[in-house]
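Now for the letters of each chain:
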Amino acid sequence: MNYSSSSMSISRNIRPKSEQEYMKGHPIKAWRGGGGLHRVLCMQGGDDDGSYAKNSEAPASAITLSKPLLLAAIRTMKLFIRSEGEGDEEDSLSDHLSDLSLRIADLGCATGYNTLATIDIVVEGLRERYIKECGVDPEFEAFFSDLPSNDFNSLFRSLSSDNTLSNNKPNRYYPAGVPGSFYTRLFPKGKLHVAVSLSALHWLSQIPDTVLDKRSPAWNKGRAWIDGAKKEVVEAYAKQSEEDLDNFLRCRKQEIVEGGVLFMLMGGRPTGSLHHPDNQLDDSDSRAKHPFTSSMDQAWEDLLNEGLIDEETRDGFNIPAYMRSPEEVKRGIERCGGFEIQRLEYQRIVEHSKEQQDEWIRDPVSYGRAKTNLVRATLRPIVEAHLGPYLSDQLFNRFQNRVSSDISLIHKTCFYGVVVASAIRN
């Protein structure tokens, strides 16, 4: 059944029975205090057209961008000659290295090709160094970590057939899943040699309480996100972002061995007077075309105008993402201490190629479908926790209609800003 403003108007008092069941209570309450968001925040699992595994081109571009920077960090890091600090001065180098196991963690791994490619980059970079400089091929442990709601089953199905060098050689690495929030401790002290987090740290641990309180000046009325929002909303997000980054760094400070590497790539914005936190995106075209802004707000407004939701339901949904500036990341690292910054910079990733854009200009419906699959892959779990399955589908249908029908949008070029930081544990 197609619900549109031209064909049907449903009052809030005569919703379909199934929808009434989904709307019992107020789902947003599950996110208040108590860390409820971590139970629903994840990328969409599985491997269908709406899954993160099939809609993660931008993170894949981020990996391509970060590969030379990550390899540079690996080339300059300390070589760990001993295992667990054991051995005597008289022992030979081969004795020191005979039981060496290097431990790597991908924090906020999600699912699909990207996390496997990240671990491969680190493992092969370290293996090449140890063979060349020490004449030894060490063993590797790889920890894939994300929130418990992550689809670890899909991740390990992807991994199982692709982790051996040959029939008579050991695994390239020994994998393990570590469910939990990277804003808390995940590993014992001094456990990790390399910790990597790509395209994950812009997700916050929770929506600030003041943003969820409709009596508060920070109540984010009429918006799903904070780009261009009023001062009080942006300040609440910035404060939460600062607390989260502090927690992340403090935990990694304890978990990473001295001389180990922390490598981070997160959604970001430039430093400068024109790029205050309320300006989360770098330019007007990116702001217009970004999936969290205009089309998303219009889709929510469509549900409201059709009587499918009320204003409080619309205003109570907020996307828990914050784009930090390099300066904010630098201040966080300096507050934490224990790390020496090797590299810190802002870069931009184009949303898609010129050839792909030309193809979508010829077929706007295909563009709307692709953009909606991207948004589903990223936001469906938290939208569904807020609205229920039925209204979640209705929202994404409205989003697709909005994107497909705005031809001017397809002609714009959207860039995703990222902040890249590499630091050595000292």
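If you're wondering where the values come from, they're calculated on a predicted model, not measured in any experiment. (Residues numbered from 1 in each chain as written. Predicted model: local features only at pLDDT ≥ 70, side-chain atom pairs only at ≥ 80, totals over all residues. Heavy atoms only, no water.)

### Thoughts on the packing of helix H8 (residues 294–305) against helix H12 (residues 364–387)
Here is the rule: Note on geometry: axes are C-alpha line fits, over the in-contact stretch for helices, and angles between N-to-C directions span 0 to 180 degrees. Helix and strand assignments follow DSSP, with helices taken as H or I runs no shorter than four residues and strands as E runs no shorter than two, numbered in order from the N terminus. In this scheme, a crossing is called left-handed if the near helix is turned counterclockwise away from the far one by less than a right angle; it is called right-handed if the turn is clockwise. By definition, residues are in contact when any of their heavy atoms lie within 4.5 Å. For this scheme, ten residues count as nonpolar: Ala, Val, Leu, Ile, Met, Phe, Trp, Tyr, Cys and Pro. Four count as charged, namely Asp, Glu, Lys and Arg, and the remainder, Gly too, count as polar.
Put simply, H8 and H12 touch, their axes get as near as 14 Å, and they point 35 degrees apart. Taken as a pair, H8 and H12 cross one another with a handedness that is right-handed. Contacts between H8 and H12 involve Met296, Trp300 and Leu303 from the first element and Val375, Leu379, His386 and Leu387 from the second. Counted by class, the contact of H8 with H12 contains 6 nonpolar, 1 polar and no charged residues.

### Things to note about the sheet that holds strand S6 (residues 339–350)
Definition in use: When DSSP locates at least two bridges between a pair of strands, those strands are taken to pair.
In space, the 7 strands of this open sheet follow the order S3-S2-S1-S4-S5-S7-S6, with mixed pairing throughout. Strands with a single pairing partner mark the edges of an open sheet, and in this sheet they are strand S3 (174–179) and S6. Each adjacent strand pair in this sheet contributes to an overall mean axis angle of 15 degrees, direction not counted. Pairing between strand S2 (residues 139–146) and S3: 6 bridges, direction parallel. Opposite phenylalanine 144, over in S3, you have glycine 177 as the bridge partner. Contacting strand S1 (101–107), S2 and strand S4 (192–198), helix H4 (residues 113–134) crosses the sheet at an angle of about 155 degrees to S1.

### Quick look at the pattern of salt bridges
Formally: A carboxyl oxygen of Asp or Glu within 4 Å of a side-chain nitrogen of Lys or Arg is what we treat as a salt bridge.
Taken as a whole and assessed by the stated rule, the structure comprises 29 salt bridges. One salt bridge in this structure joins lysine 231 and glutamate 235, with 3.9 Å as the shortest N-O distance. With lysine 231 and glutamate 235 both in helix H6 (residues 231–255) and 4 residues apart, this pair spans about one turn of that helix.

### Regarding unusual backbone geometry
Positioned with a positive phi, alanine 110 is a non-glycine residue whose angle comes to about 55 degrees. Tracing the sequence through the fold places alanine 110 in the loop between S1 and H4. One non-glycine residue, serine 199, adopts positive backbone phi at about 60 degrees. On the secondary structure map, serine 199 appears in the loop between S4 and H6.

### Here we look at the packing of H8 against helix H13 (residues 389–405)
Note the threshold: When describing relative orientation, an angle under 35 degrees is termed roughly parallel and one over 145 degrees roughly antiparallel, while 65 to 115 degrees is termed roughly perpendicular and anything else oblique.
Closest axis-to-axis distance for the H8/H13 pair is 8 Å, and the angle between their directions is 125 degrees. Judged on the interaxial angle alone, H13 and H8 are oblique. Of the two possible hands of crossing, H8 and H13 adopt the one that is right-handed. Of H13, the residues touching H8 (which contributes Ser295, Met296, Gln298, Ala299, Trp300, Asp302 and Leu303) are Leu391, Gln394, Leu395, Arg398, Phe399, Arg402 and Val403. Of the residues that constitute the contact of H8 with H13, the class distribution is 8 nonpolar, 3 polar and 3 charged.

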